[in-house]
Amino acid sequence: MKTLILGVGNEFRSDDAIGLLIARDLRKKFKSLKIIESGGDGADLLTEWEGYNRVIIIDAVKSSGEAGKVMIINPSSAEFTKYQPIHASHLFSIKQAIETSHALKKLPENLIIIGITGKIFEIRNSLSEELKNLYRKIYSEVEIYVKDYIQLTENII
Amino acid sequence: MRSRTIKVDYLARVEGEGSIFVKIKNGSVADVKLKIFEPPRFFEAFLRGRKFSETPDITARICGICPVAYQMSSVHAMENAFGTEIPEPIKQLRRLLYCGEWIESHVLHIFMLHAPDFLGYEDSIQMAKDFPEVVNTALKLKKIGNNIVIRIGGREIHPVNVRTGGFYKVPEKKELSVMLDNLKWGREQTISSVKIISGFDFPDFEQDYEFVALHNESEYAMCEGKLISNRGLDIEIKEYEHHFQEEHAEHSTALQSSLMERGNYFVGPLARFNLNFNQLSQLTKDTAKEIDFIPEIKNPFKSIIARALEVLYAYDETIRIIENYEMPDKPFIEIRPEFSIGYGCTEAPRGILYHRYRISDDGLIKDAKIVPPTSQNQKTIERDLKNFVEKNIGLAHQELTWKCEQAVRNYDPCISCSTHYLKLHIEKE
């Protein structure tokens with residue numbers, strides 16, 4: 001199965017960078033997987049994931065949960081309606097990209113978002129203390145989710 | 001007295017964190033404010049003390065949509081400061097990179113952000129359900145623009161290959177020629193798109209504007225030229241601050257620009273089209289004539305047509321540049337800094353972007369001034385809203401709100417460069 005892992009974020013907006021940082025670390029470990037970083041322009045992602053049948057998006061989210069909480073958001077689930085990508089405001093968000101892809105009947109058959117609750121999203125080129133301290137734990141959780149999702153979707157096929 | 005309020009909490013198809021406030025009292029517009037409350041980002045301040053050569057990489061970070069514009073204005077300002085002559089092949093490569101950014105930015109705005117207004121859709125997602133082919137074509141058109149920026153700039157967002165004096169690395173002709181088939185396809189598709197867009201239903205709303213744009217007799221100005229207007233402005237870039245001023249309005253964290261003595265003015269695709277029609281390619285001019293879109297166009301809602309014609313021009317121009325491309329002997333010209341002041345002004349997708357730097361003998365920036373296009377259009381947007389609401393005061397609130405949002409989107413405002421959303425608030429007493 002053709003797999004794409006997308007780390008999304010803005011490294012100058014504090015915790016918004018978490019998706020990018022995790023993508024960089026995953027790339028060191030999963031050398032055979034296509035792992036790319038994105039600033040979150042949904043219009044570009046729409047064409048980026050064309051041709052892939054398994055897509056994993058790693059992105060910072062705003063939620064009522066504790067900073068560092070890792071969650072799985074499936075586009076067909078109720079959670080997706082609450083999904084607030086940080087760069088949602090920037091033109092055309094990932095959420096809009098997923099919805100447009102669905103409308104165009106081009107949504108990859110397996111797509112999930114691994115959301116990480118951030119605390120600070122102001123202009124700053126470092127993570128909040130909370131996410132810095134929790135980084136290894138967050139990374140390990142994301143890695144497990146990635147492996148599990150790949151295994152789960154392999155079994156479906 | 002009856003009071004009504006219309007509030008739009010999330011206006012997603014605009015870049016920027018701010019709000020529009022319209023107050024209607026006794027049947028006429030009492031107040032209009034384009035409120036920008038995004039905290040200032042102090043780019044000009046933290047450029048101080050940095051090396052002159054760092055400006056393209058630092059200023060590119062101001063905007064994820066038009067980083068090339070920031071890079072181009074900054075390198076031209078530095079080269080102006082040090083009297084650097086740039087060879088023609090490097091100029092052409094810069095023009096090619098800029099065309100890529102125009103295509104990316106314009107296509108996104110036309111199809112994903114603005115067209116839904118004219119077709120009666122809440123957003124492009126709803127539009128995609130009914131017109132999948134239009135959205136698919138738009139995505140391909142945009143991707144071709146991205147590919148140009150990647151090929152020349154190294155990556156599509158915040159390109160890394162631009163430097164003062166030229167580029168770090170320049171492509172061979174064959175690396176560019178492989179894009180030609182896609183570019184020719186894009187050009188054909190854009191002609192069809194222009195015709196479709198020209199058939200949209202446009203509100204009857206002609207206004208008197210002072211249009212301001214860069215002008216160059218020998219080409220449709222992007223990077224070099226003088227600043228002109230339809231009301232007699234004709235100045236060199238270095239004279240900019242003698243004619244334009246910035247003011248702080250209490251309701252905005254972005255400074256508002258105006259022309260000294262004459263007030264607000266209009267920059268962007270419609271201004272360029274009106275002032276530089278003769279410099280467009282023959283194909284673009286013929287297409288414009290075919291749809292009876294001839295200067296001077298005074299309806300801001302028709303900016304979407306000017307924007308689409310500029311996409312056509314950008315496609316036509318990229319093909320011309322690539323077909324005539326000769327790889328530069330050297331990717332860049334070495335620059336030796338000295339105490340100086342440099343001025344640069346280039347045409348960002350949304351209009352003129354002015355940079356001025358004072359440099360010390362050791363090449364460090366002493367001070368900087370950057371005036372982005374949206375701050376130049378702010379006052380015009382406010383005036384449009386006032387006049388539009390007054391003219392359409394009888395419309396139902398919902399429709400008036402929708403039209404006001406559309407009127408803001410005419411300018412493709414990039415309030416952002418750090419943005420989040422824009423709230424529209426109409427209050428009636």
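For every chain, the first residue of the written sequence is number 1, and numbering continues from 1 onward in sequence order. Note on labels: chains are lettered from A, ligands numbered from 1, in written order. Only residues with pLDDT of at least 70 are given local features in this predicted model, and only at 80 or more are side-chain atom pairs given and counted; all residues enter the totals for whole chains, interfaces and linings. Only hydrogens and water are set aside; all other atoms, that is, all heavy atoms of the structure, feed into the side-chain values.

(A) Up close: the environment of A60 of chain A. Residue and element names in this part refer to chain A. Helix and strand assignments come from DSSP, with helices taken as H or I runs of at least 4 residues and strands as E runs of at least 2, each series counted from the N terminus. Mapped onto the fold, A60 is located in strand 3 (residues 54-61). Each residue is placed in one exposure class: buried if its accessible area under a 1.4 Å probe, protein chains only, is under 20% of its type's maximum, exposed if it is over 50%, and partly exposed if it falls in between. Residue class for A60 comes out buried when judged on its relative accessible area of 0%. With 59 residues separating them along the chain, A60 and K119 place their C-alpha atoms 9.5 Å apart.

(B) Structural detail: the pattern of salt bridges. For this document, the term salt bridge refers to a Lys or Arg side-chain nitrogen within 4 Å of an Asp or Glu carboxyl oxygen. Taken as a whole and judged by the stated rule, the model has 39 salt bridges over all chains. Between K33 of chain B and D31 of chain B there is a salt bridge, and its shortest N-O distance comes to 2.7 Å. For K33 of chain B, a relative accessible area of 24% translates into the label partly exposed. When salt bridges that share partners are traced, they join E11, R24, R27 and E37 of chain A into one network.

(C) Region of interest: the sheet that holds strand 8 (residues 234-235) of chain B. Residue and element names in this part refer to chain B. Read from one edge to the other, the open sheet built from three strands follows the order 6-7-8, with strand pairing classed as antiparallel. Because the sheet does not close on itself, it has two edges, and the strands there are strand 6 (212-215) and strand 8. Judged from the four bridges that link them, strand 6 and strand 7 (residues 226-229) form a sheet pairing that is antiparallel. Paired with V212 across the strands is S229, a residue of strand 7. Contact criterion: two residues are considered in contact whenever any of their non-hydrogen atoms come within 4.5 Å of each other. Here, axes are lines fitted to C-alpha atoms. For helices the fit covers the stretch in contact, and angles between N-to-C directions go from 0 to 180 degrees. In the packing of helix 10 (residues 269-276) onto the sheet, contacts are made with strand 6 and strand 7, and the angle to strand 6 comes to roughly 55°. Paired strands are those between which DSSP finds at least two bridges.

(D) Main features of the confidence of the model for chain A. For every residue, the pLDDT score states the predictor's confidence, bounded by 0 at the bottom and 100 at the top. Taken over all residues, the pLDDT of chain A has a mean of 87, while the share at 70 or more is 93%. Averaged over each element, pLDDT in chain A is lowest for helix 3 (residues 78-82) of chain A (74) and highest for helix 1 (residues 18-29) of chain A (95).

(E) Examining the pairing of strand 1 (residues 3-8) of chain A more closely. Residue and element names in this part refer to chain A. For strand 1, the buried fraction is high: six of the six residues fall into the buried class. Here strand 1 shows two buried faces, one formed by T3, I5 and G7 and the other by L4, L6 and V8. In terms of strand pairing, strand 1 meets strand 3 through six bridges, oriented parallel. Among the inter-strand pairings, T3 is bridged to a residue of strand 3, identified as R54. Across five bridges, the pairing between strand 1 and strand 2 (residues 34-38) is parallel. Residue L4 lies in a different strand from strand 2, and its bridge partner there is K34.

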